[in-house]
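# Structural overview for review
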Amino acid sequence: MNHQNLFSLLMAASLTVACTPQEKTINKQNIIHQLSLEDKAHLVIGTGMAGMSGNDAVIGATKSLVPGAAGTTYPLDSLGIPAIVLADGPAGLRIEAHRKGDTASYYCTHFPIGTLLASTWNQVLVEEVGKAMGNEVKEYGADVLLAPAVNIHRNPLNGRNFEYYSEDPLVAGKIAAAYIRGIQSNGVGTSIKHFAFNNQETNRMNTDARISQRAIREIYLKPFEIAVKEAEPWTVMSSYNKINGTYTSESRELLTTILRDEWGYKGTVMTDWFGGKDGATQTWAGNDMLQPGKPDQFTSIVNGVKSGKLKMADLDRNVERILNLIEKTPRYQGYAFSNKPDLKAHAAVTRQSATEGMVLLKNNGALPIASKPADTHLALYGCTSYDFIAGGTGSGNVNHAYVVSLTDGLKNAGYVVDADLQKAYTTYIETHKADQKAKLEAAMKKDKKTAMLAMFLPAQRPAEMGIEAQKLAAQAQTADMAIITLGRISGEFLDRKQADFNLTPEERTLISQVCEAYHRVGKKVVVLLNIGGVIETASWKDMPDAILCAWQAGQEGGNSVADVVSGKTTPSGKLTMTWPMHFADAYSSRNFPIDKMPDLDLTNQGKASNNEKDVDYTNYEEDIYVGYRYFDSFDKKVSFPFGYGLSYTDFRYSEPKINNKGSEITVTVNIENTGKTEGKEVVELYVAAPNSLQLNKPVKELKAFAKTRTLKPGESQTVQLTVRSTDLASFNETKSAWKVDEGDYTFLIGASSHDIRATLSTTVKAQETPANRVLAPQEPLRLLHR
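Note on numbering: residues in each chain are counted from 1, in written sequence order. With pLDDT at 70 or above as the cut-off, local features in this predicted model cover only qualifying residues; side-chain atom pairs require 80 or more to be listed or tallied, and sums for whole chains, interfaces and linings still use all residues. Hydrogen atoms and water are omitted, and side-chain values are computed over all heavy atoms in the structure.

Our next topic: the overall build of the protein chain. By definition, any uninterrupted DSSP run of H or I lasting at least four residues is a helix, any uninterrupted run of E lasting at least two residues is a strand, and each is numbered from the N terminus. A tally of regular secondary structure across the protein chain gives 22 helices and 30 strands. Here the globule rule is a power law, 2.2 Å times the number of residues to the power 0.38, and the radius of gyration is based on C-alpha atoms. Here the protein chain has a C-alpha radius of gyration of 26 Å; the compact-globule value for 786 residues is 28 Å, and the two agree. Structurally, the protein chain occupies a C-alpha span of about 85 × 70 × 60 Å along its principal axes. For the protein chain, buried positions account for 62% of its 786 residues. Working rule for contacts: check all heavy atoms of both residues, and any pair within 4.5 Å makes them a contact. At a minimum sequence separation of 6, the contacts of the protein chain that also span at least 24 residues come to 79%. When the accessible surface of the protein chain is totalled, it reaches about 29,100 Å², and 49% of it is carbon and sulfur. When accessible area is computed with a 1.4 Å probe and restricted to protein chains, residues below 20% of their type maximum are described as buried, those above 50% as exposed, and intermediate ones as partly exposed. All accessible areas in this document rest on Shrake-Rupley with a 1.4 Å probe, and a residue is counted as covered only by the protein chains that are shown.

Here helix α6 (residues 169-184) contains 16 residues, and its C-alpha end-to-end distance of 22 Å stays within 8% of the 22 Å for a straight helix at 1.5 Å per residue. Between the side-chain oxygen at the start of α6 and the backbone nitrogen of L170 there is a gap of 3.0 Å, and the oxygen is on D168. One less than the number of residues in a helix, times 1.5 Å, gives the span that helix is expected to have. Think of a polar contact as two N or O atoms within 3.5 Å of one another; within protein, one of them needs to be a possible hydrogen donor and the other a possible acceptor, and neighboring residues in sequence only count if both atoms come from side chains.

Another aspect to go through is the environment of A178. For A178, the location among the structural elements is in helix α6. It is 21 Å that separates the C-alpha atoms of A178 and P571, two residues lying 393 residues apart in sequence. With residues up to four places along the chain from it excluded, the contact list for A178 reads Q123, V126 and E127.

Reading across the sheet, the 4 strands line up as β10-β9-β7-β19 and stay open at both edges, with mixed pairing between neighbours. The strands lining the two open edges of the sheet, one partner per strand, are β10 (246-247) and β19 (617-619). We call two strands paired when DSSP finds no fewer than two bridges between them. Where strand β7 (residues 208-210) lies against strand β9 (residues 242-243), 2 bridges are found, and the strand directions are parallel. Residue pairing in the sheet places A209 in a bridge with I243 of β9.

Attention now goes to the pattern of salt bridges. A side chain of one charge can pair with a side chain of the opposite charge if their charged atoms are brought near each other. Each salt bridge in this description consists of a side-chain nitrogen of Lys or Arg and a carboxyl oxygen of Asp or Glu lying within 4 Å of one another. Throughout the structure, instances matching the rule amount to 46 salt bridges. Residue D563 pairs with K568 through a salt bridge whose shortest N-O separation is 3.9 Å. Exposure remark for D563: the relative accessible area of 7% places this residue in the buried category. In this structure, E715 and R709 form a salt bridge, with 3.2 Å as the shortest nitrogen-oxygen distance. Look at R709 and you get partly exposed, because its relative accessible area is 41%.

Taken together, the 4 strands give an open sheet; going across it, the order is β24-β23-β28-β29, and neighbouring strands pair in antiparallel fashion. Only two strands of the sheet have a single partner each, and these edge strands are β24 (701-707) and β29 (756-764). Pairwise comparison of adjacent strand axes, ignoring direction, gives a mean angle of 20 degrees for this sheet. Inspection of the sheet shows strand β23 (residues 682-688) paired to β24 by 6 bridges, in the antiparallel sense. Pairing of V682 across the sheet is with K707, part of β24. For every element, the axis is a line fit to its C-alpha atoms; helices are fit only across the contacting stretch, and the angle between N-to-C directions ranges from 0 to 180 degrees.

In this section: the nonpolar core. Put simply, buried Ala, Val, Leu, Ile, Met, Phe, Trp, Tyr and Cys residues joined by side-chain atoms within 4.5 Å make one nonpolar core. Counting 85 residues, the largest nonpolar core has L93, F195, F197, I211, Y220, L221 and L702 as the members making the most contacts within it. In terms of residue count, the dominant contributor to this core is α6 (10 residues). Contacts of Y220, omitting those with residues within four sequence positions, involve I152, R154, F197, N199, I211, A215, Y620, E622 and V626. In this structure, L157, L378, A482 and L529 belong to the second largest nonpolar core, which totals 72 residues.

All right, on to unusual backbone geometry then. Looking along the chain, the bond that leaves A147 and enters P148 is cis, with omega of 5 degrees. Tracing the backbone shows P148 in the loop between β5 (144-146) and α6. Note that the residue after K193, namely H194, is joined by a cis bond; omega there is -10 degrees. Tracing the sequence through the fold places H194 in strand β6 (residues 189-195). Notably, F197 is not glycine yet its phi reads approximately 70 degrees, a positive angle. Within the secondary structure, F197 is located in the loop between β6 and β7.

Moving on, we come to the packing of aromatic side chains. For any pair of aromatic rings, geometry is given as the distance between the ring centres together with the angle between the planes. When the centres of two rings from Phe, Tyr and Trp lie within 6.5 Å, Trp using its six-membered ring, the rings pair. Their planes under 30 degrees apart give stacked, over 60 give edge-to-face, and anything left gives tilted. In the structure shown here, the tally under the stated rule is 19 aromatic pairs. Residues W551 and W579 carry aromatic rings whose centres are separated by 6.1 Å and whose planes lie at 65 degrees to one another, so their mutual orientation is edge-to-face. Here W551 is found in the loop between β17 (546-549) and α21 (557-565), whereas its partner W579 is found in strand β18 (residues 579-580), with 28 residues between them in sequence. Among the aromatic side chains, those forming a connected cluster through ring pairs are W121, Y628, F642, Y686 and F705. Positioned over the ring face of Y620 is R154, at 3.9 Å from the centre of the ring. Think of it as a cone above the ring: NZ of Lys or CZ of Arg counts as a charge over the ring if it is within 6 Å of the ring centre and within 35 degrees of the ring normal.

Right, let's get into the side chain of T762. Here T762 lies in strand β29. Excluding residues that lie within four positions of it along the chain, T762 makes contacts with I658, N660, I665, G743, D744, Y745 and F747.

Values of pLDDT, ranging from 0 to 100, describe the predictor's confidence in every residue of the model. Predicted confidence across the protein chain gives a mean pLDDT of 93, with 93% of residues reaching 70 or more. For the stretch residues 11-20, pLDDT sits under 50, and the model shows 14 contacts to residues farther than four places along the chain or on other chains. Considering only residues more than four positions removed or in separate chains, one finds that residues 601-605, a stretch of pLDDT under 50, has 11 contacts.

Another aspect to go through is the environment of G159. Within the element layout of this structure, G159 appears in the loop between β5 and α6. Along the chain, G159 and D495 lie 336 residues apart, while their C-alpha atoms are 4.0 Å from each other. Residues within four places of G159 in sequence aside, it is in contact with E201, S490, G491, L494, D495 and R496.

Every second residue of strand β2 (residues 85-88) is oriented toward a common face, with V85 and A87 on one face and L86 and D88 on the other, all of them buried. Two strands pair when backbone bridges link them, and strand β1 (residues 71-72) and β2 are joined in this way by 2 bridges, in the antiparallel orientation. The residue of β2 that forms the bridge with T72 is V85. Bridge analysis of β2 against β5 gives 3 bridges, and the strand direction is parallel.

Here the focus is the side chain of R321. Considering the arrangement of structural elements, one finds R321 in helix α12 (residues 312-328). What R321 contacts, discounting residues up to four positions off in sequence, is R260, G267, T268, G286 and D288.

Right, dumping it as structure tokens:
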């Protein structure tokens, strides 16, 4: 994708901002002096949420100011302090598309999911997407977007992996920082979430993540640390779960000692909606704002101050931080939002950006489609070809105006799609949806509250439609190529099942029969993956001629896929997570809530723990060996490795050089396009520490990455990657310090974690940086060791 074109689109999308001669300021100490204890308690707990007790996880929603936003802060009208609007993300602004008594529509752009954006490995592009998204936040009157979500892909079945970026903390942190910079360039805020250790949806409000201090520091906090230091998000959202026995929103060690004292964070911390249990403890810990607020939190804070359990100084500190946040917002500054962002321009942004994160997993000459679109007849198989998935469900969903299906995208590009096949699938899908609607209506009559929650859960996808062998043979004769689309959708409240990771019998049969029929007559078959997380591919990937992981590309998904398969755009995405041969190959599968049924009875949320393994507590026994750190260090075969992705062209790596300046190490390499079409290449820099086996370190770790500009055939670019010597440190629990071991470090320049193109080495001196001894497990953990 040409970034000049994307920049032009963003410029077109931006509205003229009226310049204020001087920013309004709040005399915070004066305000605090005027507030009563009760006023202060109200300010720090939000405005509540009608109909909700606070004992359950919810999708935030308010009718105030911006209908459909997640919530608002508490206004102090007599003192000139307005309520500000907090709205869900991260694939776009989530507000209601229609309002009572208003004929206008308020649709928002559904941008690509987080996993796709991360798969671009392009920080510049992600920042540009953030600018477009932030413009919608501002023009619809919201002040803070509750995004990005940067939790680690610890296990393939986490229901919200589609919102998250990677199994690697560097990738997650760098992409999150770019996203934050883009959003906040509009003068609106972000809320990086879920801080921290929110790696499963099952019992997410109560589960205890039991993790070593080393893994806490090196894996799970590192992406937050990178984003906080590089992009300064206006807010941080604490997670629901516990960490080593303490709710994160009540952990002073996490929210104050690490976040503020060690990292230097100056912004505001808020809870996830109804997160935590004790308002006074949360306030003391440094959780400034408790959203959306509930009466018992108000009582806890007021009584806490009166009893001496909570110091007034701690409450005043939190009030000041909230006032600091309000002061920066468009609402306080009097910005006149338009309610009319340029949705057409933003649709073009999402279409272009999505193409760069799609990952070509296999290609035996099937892609790009060689013939002209008007001369190419395509047969589309799989229900998802006709019911394309824009993104996941829950708070990460977006009320968009439309989703371009694969069918429409290909037709828009000029391809001829088998009409009879389309009609058969459309009828089949409509029948399935009607049946599901009837079941939901019946459930509403029995238990309205639980059925309402079910509306936010992923809808059941139809089983793949069987096709008679005779019809399939006839279709193979008339079509020039077959495209099979497999779909998966997940979301908030529940984790994926093993059956969702594996192919269904109907999907296996479909792939096998279509490949057999088309290959018999010399035609090619492409499998398209419209998914939000990893699925099993090892058992069937040899059958089709090409596999394109399109992820979930937002509302323009069908057009974006057409741009890639037609060759209009060359794929340059790479995987930000490992694809295992089998689900059980992931070491974390030993400690994950596999196939646990979610409790949709909201009255059971927040009840006492039953001490059930992987539900009430989860032991992170894999320790630091997450993703490729495990698979590569223990020589486990994978289906597709971390950092992997093909292109329509080829790249040569040459002239690798290393320059050790002591505190900073610079690596350069020349990347040449040796193929016949233009394209971009992601360059990955891994580092292997000396004596890694003896010191229990991964065999290699990603320490830097970069993406080339678009290179024409024969064109080259010198890529520079920089690593600070402190980036080579591991966390030493005994000393509670970041320690760089002295010795020779190997720098590996690769196209993936398995495809190393050049190797360099340099000697690094020992160094040690002390850290606070915090977040220790309550009991010793049995940990994986090399």
